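# Structural description and commentary
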Amino acid sequence: MLTRFAVAPSGFKESLSAQAAADAIAAGVRRVVPDAEVDLIPLVDGGEGTARALASATGGRLVALPATGPLGEPVGTHFALLGTGSGTGSGIGSADTAVVEMAAVAGLSLVPHGLRDPGATTTYGVGELIRAALDTGVRRILVGCGDSGTSDGGAGALQALGARLLDQDGFELPQGGRELIRLHHIDPKGLDPRLAHTELLVACNPYNVLCGERGVARVFGPQKGATPAQVEELSAGLENWAYVLTRDLPVTCDLYGGPGTGASGGLGAGLAALGARLLPRFEVLLDHLDLDARLARADLVLTAEGALDHQTTRGKVPAEVARRAKLNGRPVLALAGTLGEGAHTVPGVDAFTGILPAPMALAEALVRASELLTDATERALRMILLGAGLPRGAGV
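Definitions and limits used
Residues numbered from 1 in each chain as written. Predicted model: local features only at pLDDT ≥ 70, side-chain atom pairs only at ≥ 80, totals over all residues. Heavy atoms only, no water. pLDDT = per-residue confidence, 0-100. Contact = heavy atoms within 4.5 Å. Salt bridge = Lys/Arg side-chain N within 4 Å of Asp/Glu carboxyl O. Buried < 20%, exposed > 50% of the residue type's maximum accessible area, 1.4 Å probe, protein only. Helix = DSSP H or I, 4+ residues; strand = E, 2+ residues; numbered from the N terminus. Disulfide = S-S within 2.5 Å. Pairing = 2+ DSSP bridges. Axes fitted to C-alpha atoms, helices over the stretch in contact; angles between N-to-C directions. Core = buried A, V, L, I, M, F, W, Y, C linked by side-chain atoms within 4.5 Å.

### Focus on the confidence of the model for the protein
Scored by pLDDT, the protein comes out at a mean of 93, with 96% of its residues at no less than 70. Of the regions scoring below 50 in pLDDT, residues 86–91 engages in 9 contacts with residues more than four places distant in sequence or in other chains.

Below, the structure is given as structure tokens:
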């Protein structure tokens, strides 16, 4: 009999936070097993909700402030100051650590659908948040990458931190990824001197690279509103960005194709050029959750994300949950807003299902996501329990 459930989803982009997804799944479980022991483990991947989740997990707090949003207009945002918590060797539980969540100031959810143009959006606000974190006196800043609405290589962030990005006539470049093709020189003299004495860590998906056929503009540009022509424009700009960064700054890593350089529209590369360490996000973000032990105690592990497809294995939450669950021999059920090519190939996922009971408009699905996820969990769990109760050979 299934009585202990570990619920470890990511958020559904532009719809449900990880916490809301976990709550919805738990509600579906309890419809079928009212007395179930449900361990809620909402997981962050560096994107939306990361600062809040880590502040909560470590007994820290959020600092609210205005900053420049992805369209260049002020938005209300925040960063986190962590408490002592239960962090491990990654350092995220230290009270001298701040967490800057790029999605909170430059995320796709902050760009209305009709204004989505990754050639125009900026990470300037990310640099402003880093500067605000420096003002608190922390010795370590963790930047969470994910759910971005930008493709400027982190150029805006560097400008906010004091770098001057100049064209061949010596004029400062306007904001936006489409301007990078005109970059001729970077003047770093105005960079905030406190950066030299602060450990800068970037929690990112190591599969995301800046340039090449699998470069971030080609893989994620269309999701952010880029046309095929704009994808090529952005790709060429990011190639030039990597070249000028490497030439004008004391860069010690491969900005073109190094792991994580394409994180958040290339923000990883921009920060790496300032000396940041690009780290696999799950190594940094999950240590404080005691995740492996909690999965091991469950009779069934449930995970979820907005889309289960061939990209899931490239550093997405369900793949990481399934990998860890299988280390302890736990069965895994994955739920998803949509099922795409490769959904059946995610290692460690024993069963999967989409949450839509019938075709519906995207806008409706986003609004009803919590209800749909609860209903889908109930349906899947009833099928699992039915199968578990059938005598061997029944129905064959």
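### Quick notes on the pattern of salt bridges
Oppositely charged side chains can pair when the atoms bearing their charge come close. One pass over the structure, following the stated rule, counts 27 salt bridges. When the shortest N-O distance is used, the salt bridge between glutamate 172 and arginine 164 registers 3.6 Å. With a relative accessible area of 37%, glutamate 172 lands in the partly exposed category. Where aspartate 292 meets arginine 324, a salt bridge forms, and the shortest distance between an N and an O atom there is 3.4 Å. Of this pair, aspartate 292 sits in helix 10 (residues 291–296) while arginine 324 sits in helix 11 (residues 317–327), and the two are 32 residues apart along the sequence. Accessibility expressed as a relative area gives 11% for arginine 324, which makes it buried. Taken together, the salt bridges that share partners define one network made up of Asp96, Arg139, Arg140, Glu199 and Arg277.

### Notes on the state of the cysteines
Two cysteines, two sulfur atoms, one covalent bond between them: this is a disulfide. Considering all chains together, one arrives at 0 disulfides under this definition. Free cysteine: cysteine 211, not disulfide-bonded; nearest cysteine sulfur from cysteine 253 at 12 Å. A residue is classified by how much of its surface remains accessible, and cysteine 211, at 10% relative accessible area, is buried.

### Looking at helix 11
Extensive coverage of helix 11 is indicated by the burial of 8 of its 11 residues. Within helix 11, burial applies to Val317, Pro318, Ala319, Glu320, Val321, Ala322, Arg324 and Ala325. On its buried side, helix 11 packs onto helix 9 (281–285), helix 10, strand 11 (300–308) and strand 12 (332–339). Directly beyond the C-terminal end of helix 11, a positive phi value near 70° is found at glycine 329.

### A word on unusual backbone geometry
Apart from glycine, the bulk of residues carry a negative phi angle, and the bulk of peptide bonds sit in the trans form. A positive phi is found at aspartate 147, a non-glycine position, where the angle reads about 60°. Mapping aspartate 147 onto the fold places it in the loop between strand 6 (140–144) and helix 5 (155–160). Under the relative-accessibility criterion, aspartate 147 is labelled buried at 18%. Look at serine 264: it is not a glycine, yet its phi comes out positive at around 50°.

### Here we look at the sheet that holds strand 2 (residues 37–40)
The 5 strands lie next to each other as 2-1-11-12-13, forming an open sheet whose pairing is parallel. Two strands close off the open sheet at either side, each with one partner strand: strand 2 and strand 13 (351–354). Taking the axes of each pair of neighbouring strands and ignoring which way they run, one obtains an average angle of 20° across the sheet. Inspection of the sheet shows strand 12 paired to strand 13 by 4 bridges, in the parallel sense. Note on strand 13: the bridge partner recorded for alanine 336 is glycine 354. Here helix 1 (residues 18–32) sits on the sheet and contacts strand 1 (4–7), strand 2, strand 11 and strand 12; the angle it forms with strand 2, its principal contact strand, is near 170°. Here helix 11 sits on the sheet in contact with strand 11 and strand 12, set at roughly 160° to strand 11.

### Examining the nonpolar core
With 59 residues, the main nonpolar core has Phe79, Val126, Ile130, Ile141, Val143, Ile186 and Trp241 as its most contacted residues. Top element by residues in this core is helix 7 (residues 228–248). It accounts for 7 residues. Residues in contact with isoleucine 130, not counting those within four places in the same chain, are Val100, Ile141, Val143, Leu161, Leu195 and Leu271. Formed by 28 residues, the second largest nonpolar core is a distinct cluster that contains Val29, Ala304, Ala369 and Ala380.

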